[in-house]
Amino acid sequence: MQEDILQATALHVRQVFERDSSGHDWWHIHRVWRNAIAICRHEQADRFVVELAALLHDLDDWKLNPSADGTPAQALAWMQEQGVAAEVREQVREIITHLSFKGAGVVNGIRTLEGRIVQDADRLDAIGAVGIGRAFAYGGHKGRLMHDPEQPPQLHATFEQYQSSEGTTINHFHEKLLLLKNRMNTATGRRIAEERHAFMEAFLAQFHREWDDADH
Ligand code: ADP
Ligand code: NI
């Protein structure tokens, strides 16, 4: 029964995200789902809640669905249609609502173990080689400059500031991606993040070397 719901959910989400070009395509969801399952092996968590939240986490994301009012309406409607118990729907709702990074200075609202696992799984996909690729895909999707040496990064104190920022993709590394390693919730997440973080540092060093050497 739970397995059937997960399979149907994966198929549904795959159809919704098939054509996304902002770094939130089906394969992002698939990687987060897999990451979440891997982290679950080291934690005593409710795996059904974790998998369902991982699969549904971006359906109502503010970056993709700007009109959303904070309730993950599509995820809730889907779960209801699938006959998911009210208590599970509430746990998944709470996770999805607090999952997203909302600015360097904004307190993380995630509270449950299941939520911490899904958040780590999502964050692992924002860093490392895949994370670099996704950041530039998102920047291109939003029409952002790749880099502007005259524009310093900003550490956003509120979600509103973070949300309305139109900074460059290189600045996004300093405003979010490089901060994630020290904000991981689980030991497994932290371990994987270390290596991906080091790769981003090396990428940025090389990027700036090439940028500065351009007029030799
Ligand atoms: P979150 O919910 O924490 O925002 P997502 O799974 O929705 O996580 O993915 C966010 C993705 O969007 C990341 O890969 C990140 O690099 C990209 N992104 C978000 N804001 C920006 C930005 N201003 N510039 C470049 N990439 C961005
Ligand atoms: Ni995501």
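Details of the structure are given in the entry above.
A. Here's a closer look at the coordination of the nickel ion (ligand 2). Taken together, the protein donors to the nickel ion (ligand 2) comprise His28 (NE2), His57 (NE2), Asp58 (OD) and Asp122 (OD), at separations of 2.1 to 2.4 Å. Each donor residue of the nickel ion (ligand 2) lies on one chain, and together they are spaced H-x28-H-D-x63-D. Residue Asp58 is found in the loop between helix H3 (47–56) and helix H4 (73–81), and its partner Asp122 is found in helix H6 (residues 113–124); the two are separated by 64 residues along the sequence. What makes Asp58 buried here is its relative accessible area of 3%.

B. Here's a closer look at the site of ligand 1. For ligand 1, the set of nearby residues contains 15 residues, the closest of which are His24, Lys63, Ser100, Phe101 and Asp122. Interatomic distance of 3.1 Å between a side-chain N/O atom of Arg144 and a nitrogen atom of ligand 1. Calculation on ligand 1 without its partners gives an accessible area of 560 Å², and the protein chains cover 96% of this total. No other element matches the three residues that helix H7 (residues 128–141) contributes to the shell around ligand 1. Across the shell around ligand 1, the residue classes tally to four nonpolar, four polar and seven charged.

C. Summary view of the environment of Gly167. On the secondary structure map, Gly167 appears in the loop between helix H8 (159–164) and helix H9 (169–175). Residue classification places Gly167 among the buried positions, given a relative accessible area of 12%. It is 19 Å that separates the C-alpha atoms of Gly167 and His24, two residues lying 143 residues apart in sequence. Dropping the residues within four chain positions of it, Gly167 is found in contact with Arg144 and Gln151.

D. The arrangement of the environment of Thr71 in detail. Secondary-structure assignment places Thr71 in the loop between H3 and H4. It is 9.4 Å that separates the C-alpha atoms of Thr71 and Glu94, two residues lying 23 residues apart in sequence.

E. Quick peek at the packing of aromatic side chains. The final tally for this structure, using the stated rule, is nine aromatic pairs. Ring plane angle 45° and centroid distance 6.1 Å describe the contact between Phe136 and Phe173, whose orientation is recorded as tilted. Here Phe136, found in helix H7, pairs with Phe173, found in helix H9; they are 37 residues apart in sequence, far enough to count as distant. For Phe136, a relative accessible area of 22% translates into the label partly exposed. Relative to Phe203, the ring of Phe136 lies with its centre 6.1 Å away and its plane at 70°, an arrangement referred to as edge-to-face. Here Phe203 lies in helix H10 (residues 187–212) and Phe136 lies in helix H7, a separation of 67 residues in the sequence. When the ring centre of Trp62 is taken as reference, the NZ or CZ atom of Lys63 above it lies at 4.9 Å. Between the NZ or CZ atom of Lys102 and the centre of the ring of Phe159, over which it lies, the distance is 5.6 Å.

Analysis parameters
- Residues numbered from 1 in each chain as written.
- Chains lettered and ligands numbered in written order.
- Predicted model: local features only at pLDDT ≥ 70, side-chain atom pairs only at ≥ 80, totals over all residues.
- Heavy atoms only, no water.
- Donors = N, O, S within 2.8 Å, 3.2 Å for Na, K, Ca; no water.
- Helix = DSSP H or I, 4+ residues; strand = E, 2+ residues; numbered from the N terminus.
- Buried < 20%, exposed > 50% of the residue type's maximum accessible area, 1.4 Å probe, protein only.
- Near = heavy atom within 4 Å.
- Polar contact = N/O pair within 3.5 Å; in protein donor to acceptor, adjacent residues only side chain to side chain.
- Areas by Shrake-Rupley, 256 points an atom, 1.4 Å probe, with all protein chains shown as cover.
- Nonpolar A, V, L, I, M, F, W, Y, C, P; charged D, E, K, R; others polar.
- Contact = heavy atoms within 4.5 Å.
- Phe/Tyr/Trp six-rings, centres within 6.5 Å; stacked < 30°, edge-to-face > 60°.
- Lys NZ or Arg CZ within 6 Å of the ring centre and 35° of its normal.

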